[in-house]
Amino acid sequence: LVLGSMKELGADSEALHRRLGAEVAQLDVAAVFFFGVEAEAAYQSCTDGQFPGHVVWTDDFPELRTLVQEAVQPGDLVVLKGSRSNELERLQSLWNVPQEAAHVL
């Protein structure tokens with residue numbers, strides 16, 4: 001999972017990001033990459049929930065790109081989700097897939 005910050009949540013932002021992290025900690029996925037300043041709270045909550053997989057937080061897009069590229073193997077399913085302002089679609093070029101395939105979900 002590549003999860004970007006949820007924007008425009010106002011005063012509830014930190015609590016909702018923490019809730020997201022706690023929920024993610026319970027998922028059966030190999031890795032989670034949190035991206036964006038607000039997503040740091042989700043990262044902390046996920047690690048507090050003792051997520052057993054690979055978990056990373058960064059607010060630097062080039063670093064995110066490198067980390068994801070190093071972790072993803074052929075055949076892996078990658079889910080990108082975040083506010084539009086995160087522009088996570090910039091990661092699509094890592095997998096050389098047609099734009100239409102990337103928007104199936």
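Report follows, based on the coordinates. (Residues numbered from 1 in each chain as written. Predicted model: local features only at pLDDT ≥ 70, side-chain atom pairs only at ≥ 80, totals over all residues. Heavy atoms only, no water.)

Remarks on the pattern of salt bridges
Stage number 1. Taken as a whole and assessed by the stated rule, the structure comprises four salt bridges.
Stage number 2. Across the pair Glu14 and Arg18 runs a salt bridge, and its minimum N-O distance is 3.2 Å. Highlighted residues: Glu14 and Arg18, both in helix 1 (residues 13–25), separated by four residues, approximately one helical turn.
Stage number 3. Owing to a relative accessible area of 48%, Glu14 belongs among the partly exposed residues under this scheme. (Salt bridge = Lys/Arg side-chain N within 4 Å of Asp/Glu carboxyl O. Helix = DSSP H or I, 4+ residues; strand = E, 2+ residues; numbered from the N terminus. Buried < 20%, exposed > 50% of the residue type's maximum accessible area, 1.4 Å probe, protein only.)

Some remarks on helix 1
Stage number 1. Taking 1.5 Å per residue as the helical rise, helix 1 with its 13 residues ought to reach 18 Å, and the 18 Å between its terminal C-alpha atoms agrees with that figure.
Stage number 2. For helix 1, the set of buried residues is Ser13, His17, Gly21, Val24 and Ala25. Projection of helix 1 onto a plane perpendicular to its axis shows the buried side chains occupying an angular sector of 110 degrees, all on one side. With respect to the buried face of helix 1, the exposed residues turned more than 90 degrees away are Ala15, Arg19 and Glu23.
Stage number 3. Next to the buried residues of helix 1 lie strand 1 (2–4), strand 2 (31–35) and helix 2 (39–48). (Expected span 1.5 Å × (residues − 1). Arc of directions from axis to C-beta. Contact = heavy atoms within 4.5 Å.)

Observations concerning unusual backbone geometry
Stage number 1. A positive phi angle, near 60 degrees, is found at Glu8, a position not held by glycine.
Stage number 2. Within the secondary structure, Glu8 is located in the loop between strand 1 and helix 1.
Stage number 3. Since its relative accessible area comes to 81%, Glu8 is described here as exposed.

Here's the deal with the packing of helix 1 against helix 2
Stage number 1. Packing of helix 1 against helix 2 brings their axes to within 7 Å, and their N-to-C directions diverge by 40 degrees. On the basis of the axis angle, helix 1 is oblique to helix 2. The handedness of the crossing between helix 1 and helix 2 is right-handed. Residues Glu14, His17, Arg18, Leu20, Gly21, Ala22, Val24 and Ala25 of helix 1 form the contact with helix 2, whose participating residues are Ala39, Ala41, Ala42, Gln44, Ser45 and Cys46.
Stage number 2. Split into classes, the residues belonging to the contact of helix 1 with helix 2 amount to eight nonpolar, four polar and two charged. (Axes fitted to C-alpha atoms, helices over the stretch in contact; angles between N-to-C directions. Parallel < 35°, antiparallel > 145°, perpendicular 65-115°, else oblique. Left-handed = near helix turned anticlockwise from the far one by under 90°. Nonpolar A, V, L, I, M, F, W, Y, C, P; charged D, E, K, R; others polar.)

With respect to the packing of aromatic side chains
Stage number 1. A complete count under the given rule lists one aromatic pair for this structure.
Stage number 2. Here the aromatic rings of Phe35 and Phe61 are separated by 5.9 Å at their centres, their planes lie at 80 degrees, and the arrangement is edge-to-face. Of this pair, Phe35 sits in strand 2 while Phe61 sits in helix 3 (residues 61–71), placing them 26 residues apart in sequence.
Stage number 3. Among the residues examined, Phe35 registers a relative accessible area of 7% and is labelled buried.
Stage number 4. Under the relative-accessibility criterion, Phe61 is labelled buried at 12%.
Stage number 5. Seen from the ring of Phe61, Arg90 lies directly overhead, with NZ or CZ sitting 3.6 Å from the centre. (Phe/Tyr/Trp six-rings, centres within 6.5 Å; stacked < 30°, edge-to-face > 60°. Lys NZ or Arg CZ within 6 Å of the ring centre and 35° of its normal.)

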